[in-house]
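Chain by chain, the residues run as shown.
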Amino acid sequence: MDTRRALLDALTDGPVSGPELAAELGVSRAAVWKAVETLRDEGFAVKSTGDGYAPPTEPPYGAAGIEFGLNVPYTVEYHDALGSTNDRARELAASGESSVAVVADEQTGGRGRLEREWTAPSGGVWVSVLTSPAIPTSHAPVCTLAAAVATTDACREAGVDAGIKWPNDVLVGREARDAGRGDGEPRTNERGDQKLAGILTEMEGEADRVSWLVVGVGINANVDVGVLPDGATSLSAVRGEPVDRRRLLQRLLERYQELTTMPDRILPAWRERAETLGASVRVDTPDGEVCGTAVDIEFPGQLVVDTGDECVRVHAGDCEHLRPATE
Ligand code: BT5
């Protein structure tokens, strides 16, 4: 582990003296001092106290702040602005890197699926996780499901009752929004759901093995609804106050990593959080439209739709929730 990350980990336990740090990290006191200065330059204002070095009271939303207290083996690369975090993660993959979370405060060329535009102003959580999981390429869709569960859990922990829409959206329903303060006229789809987050998974590999996988997650965290497209909302709009983005992102990364190392848990967790299951849906697939009731999800990610005549397995497409199953 590099000195910087080891130092951040050591600081989580409170003030620690230079000599103690040097001994713990197995480096010279000069190297400790240099690492502390580097963190300070990054905006992670390490304090010098009578008991030694102490972490800042409010760690900033930046590489060091996100890595501080983070319980996963990802390195964080932070940018104030980027075209697309997925593009940057792909560049890193091409140069052989892995286990990196690329984060930007703002994206100027954010992408959705099928090269759709993704609005990503300052204040959101825009992140792409680059890993090299030991799975066949055909299993990769399960990583999108894991990211959807992780995103939902992070949003719920932030007090917003989010749910999953197959295959890659996280939504807030009308009731959950009404429970919050909201900020303006609702602009919704047919069912009243609003999109809070989206996921874009990209990868490269041979049939039997993924060489790299990039899972890009965009959460409208502290974003004014007025700048978002119709049918979208943000955590801050639903809560009526800003969310702690650092905590939200840490939770997202930890949950994603946890699920991808325990793949058996992904589908059951997804089913529990899915708004799609039991709903009447219209899915626009590359082979045409499929309408019916969504009855299940199967590994690695196909939706089972009961059309009334038969059960159709849909591997990819855009899904619209027509009305809740209870109506
Ligand atoms: C998605 O695509 O939902 C995937 C979005 C992934 C964004 C992340 S951010 C980090 C990483 N870097 C990237 O460049 N991308 C990823 P899709 O299902 O195709 O939905 C796209 C549609 O959502 C657009 O056509 C708009 O209608 C709508 N949309 C655009 N921006 C939005 C936003 N901020 N919130 C909600 N909806 C949005």
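Further up the page is the structure itself.
Presented here is an overview of the structure given in this document.

Rules and cut-offs
Residues numbered from 1 in each chain as written. Predicted model: local features only at pLDDT ≥ 70, side-chain atom pairs only at ≥ 80, totals over all residues. Heavy atoms only, no water. Buried < 20%, exposed > 50% of the residue type's maximum accessible area, 1.4 Å probe, protein only. Helix = DSSP H or I, 4+ residues; strand = E, 2+ residues; numbered from the N terminus. Pairing = 2+ DSSP bridges. Disulfide = S-S within 2.5 Å. Axes fitted to C-alpha atoms, helices over the stretch in contact; angles between N-to-C directions. Near = heavy atom within 4 Å. Polar contact = N/O pair within 3.5 Å; in protein donor to acceptor, adjacent residues only side chain to side chain. Areas by Shrake-Rupley, 256 points an atom, 1.4 Å probe, with all protein chains shown as cover. Nonpolar A, V, L, I, M, F, W, Y, C, P; charged D, E, K, R; others polar. Parallel < 35°, antiparallel > 145°, perpendicular 65-115°, else oblique. Left-handed = near helix turned anticlockwise from the far one by under 90°. Contact = heavy atoms within 4.5 Å.

Summarising burial for strand S5 (residues 125-131): 7 of the 7 residues are buried, a large majority. Here strand S4 (residues 100-107) runs beside S5; their pairing, made up of 5 bridges, is antiparallel. For Ala 101, the partnering residue across the bridge sits in S5 and is Val 129. Where S5 and strand S9 (residues 209-219) come together, 7 bridges link them in antiparallel fashion. Along S9, the bridge assignment pairs Val 125 with Ile 219.

Moving on, we get to the state of the cysteines. Following the criterion strictly, the structure yields 0 disulfides and no others. With no disulfide of its own, Cys 143 has Cys 155 as its nearest cysteine by sulfur position, at a separation of 19 Å. We classify Cys 143 as buried; its relative accessible area is 5%. No disulfide involves Cys 319; its sulfur sits 10 Å from the nearest other cysteine sulfur, which is in Cys 291.

On to the sheet that holds strand S3 (residues 75-82). One open sheet holds the 7 strands; their spatial order is S3-S4-S5-S9-S8-S7-S6, and the pairing between them is mixed. Strands with a single pairing partner mark the edges of an open sheet, and in this sheet they are S3 and strand S6 (162-165). Within the sheet, the average angular offset between the axes of one strand and its neighbour, ignoring direction, is 20°. In terms of strand pairing, S6 meets strand S7 (residues 169-172) through 4 bridges, oriented antiparallel. Paired with Ala 162 across the bridge in S7 is Val 172.

If you check the shell around the ligand, you find 27 residues, and the closest are Ser 84, Arg 111, Arg 116, Thr 119 and Lys 195. Side-chain polar atom of Thr 85 to a nitrogen atom of the ligand: 3.0 Å apart, as the coordinates give it. Interatomic distance of 2.8 Å between a backbone N/O atom of Arg 111 and an oxygen atom of the ligand. Protein coverage of the free-state accessible area of the ligand, which is 800 Å², stands at 90%. At the level of elements, helix H5 (85-94), S5, strand S8 (194-206) and S9 are the ones that each hand at least two residues to the shell around the ligand. Ranked by residue count, the leading element in the shell around the ligand is S8, at 4 residues. Of the residues contributing to the shell around the ligand, the split by class is 8 nonpolar, 13 polar and 6 charged.

Here the residue pair Trp 166 and Pro 167 is connected by a cis peptide bond, since its omega of 0° sits within 30 degrees of zero. One can find Pro 167 in the loop between S6 and S7. A cis geometry characterises the amide bond from Phe 299 onward to Pro 300, with omega recorded as 0°. One can find Pro 300 in the loop between strand S11 (288-298) and strand S12 (302-306). We note that Leu 114 has phi near 50°; this positive angle belongs to a residue other than glycine. Backbone geometry at Glu 115 places phi at a positive 60°, although glycine is not the residue there. The residue Glu 115 is located in the loop between S4 and S5 in this model. Here Glu 115 falls in the exposed class, since its relative accessible area comes to 62%.

A few words now on the packing of helix H6 (residues 141-157) against helix H10 (residues 266-273). Two numbers describe a pair of packed helices, the interaxial angle and the distance between the axes. Viewed as axis vectors pointing N to C, H6 and H10 meet at an angle of 50°, and their least axial separation amounts to 9 Å. Looking at the two axes, H6 sits oblique to H10. Our pair here, H6 against H10, has a crossing hand that is left-handed. Two secondary-structure elements touch here, H6 through Val 142, Leu 145, Ala 146, Ala 148, Val 149, Thr 152, Asp 153 and Arg 156 and H10 through Ile 266, Leu 267, Ala 269, Trp 270 and Arg 273. Classifying every residue of the contact of H6 with H10 by side-chain character gives 9 nonpolar, 1 polar and 3 charged.

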